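# Inside the fold
Residues per chain are reported as follows:
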Amino acid sequence: MAEEPDLTGATVYEAAEQPSIGGGRWYALPDDTTYFKPTDGQLRPSLIPAHTLRDRPAWSEVAGG
């Protein structure tokens, strides 16, 4: 089984409109990599770039991630 990535320093985002399709959270790391964790699934690399999560209103930062 693969080790989960170190999410230290990650900014956590959710879809701005709730409920989002599939639910879950996106984790944007300082090096611009991102991971997605569906509500009922495993953490996996995300196809959405970190700058998209930060710059578009479709995602909202979650306080205290």
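Residues numbered from 1 in each chain as written. Predicted model: local features only at pLDDT ≥ 70, side-chain atom pairs only at ≥ 80, totals over all residues. Heavy atoms only, no water.

It is worth spelling out the sheet that holds strand E4 (residues 44-45) at this point. Reading across the sheet, the five strands line up as E4-E3-E2-E1-E5 and stay open at both edges, with antiparallel pairing between neighbours. Looking along the sheet, the strands with just one partner apiece sit at the ends: E4 and strand E5 (59-61). (Pairing = 2+ DSSP bridges. Helix = DSSP H or I, 4+ residues; strand = E, 2+ residues; numbered from the N terminus.)

Overall, the coordinates contain two aromatic pairs when judged by the stated rule. Their ring planes at 40° and their centres at 4.6 Å tell us that tryptophan 26 and phenylalanine 36 sit as a pair that is tilted. Note that tryptophan 26 is positioned in strand E2 (residues 25-28) and phenylalanine 36 in strand E3 (residues 34-37), a separation of ten residues in sequence. Within the aromatic cluster, the residues linked to one another by ring pairs are Trp26, Phe36 and Trp59. (Phe/Tyr/Trp six-rings, centres within 6.5 Å; stacked < 30°, edge-to-face > 60°.)

The biggest cluster of nonpolar side chains holds eight residues, and these are Tyr13, Ala15, Trp26, Ala28, Phe36, Ala50, Leu53 and Trp59. Counting residues per element, the ones that place at least two in this core are strand E1 (11-15), E2 and helix H1 (50-55). Discounting residues that sit within four places of it in the chain, phenylalanine 36 has contacts with Gly23, Gly24, Arg25, Trp26, Gln42, Leu43, Arg44, Pro45 and Ser46. (Core = buried A, V, L, I, M, F, W, Y, C linked by side-chain atoms within 4.5 Å. Buried < 20%, exposed > 50% of the residue type's maximum accessible area, 1.4 Å probe, protein only. Contact = heavy atoms within 4.5 Å.)

In this section: the environment of serine 60. Within the secondary structure layout, serine 60 lies in strand E5. Leaving out residues up to four positions away in the same chain, serine 60 has contacts with Val12, Tyr13, Glu14 and Ala16.

Next up on the list: the pattern of salt bridges. With the rule as written, the count across this model stands at two salt bridges. Here glutamate 14 ties to arginine 25 by a salt bridge, and the two come within 2.7 Å at their closest N and O atoms. Note that glutamate 14 is positioned in strand E1 and arginine 25 in strand E2, a separation of eleven residues in sequence. With a relative accessible area of 26%, arginine 25 lands in the partly exposed category. Arginine 54 is paired through a salt bridge with aspartate 32; the nearest N and O atoms lie 3.1 Å apart. Placement of arginine 54 in helix H1 and of aspartate 32 in the loop between E2 and E3 is noted, with a sequence separation of 22 residues between them. (Salt bridge = Lys/Arg side-chain N within 4 Å of Asp/Glu carboxyl O.)

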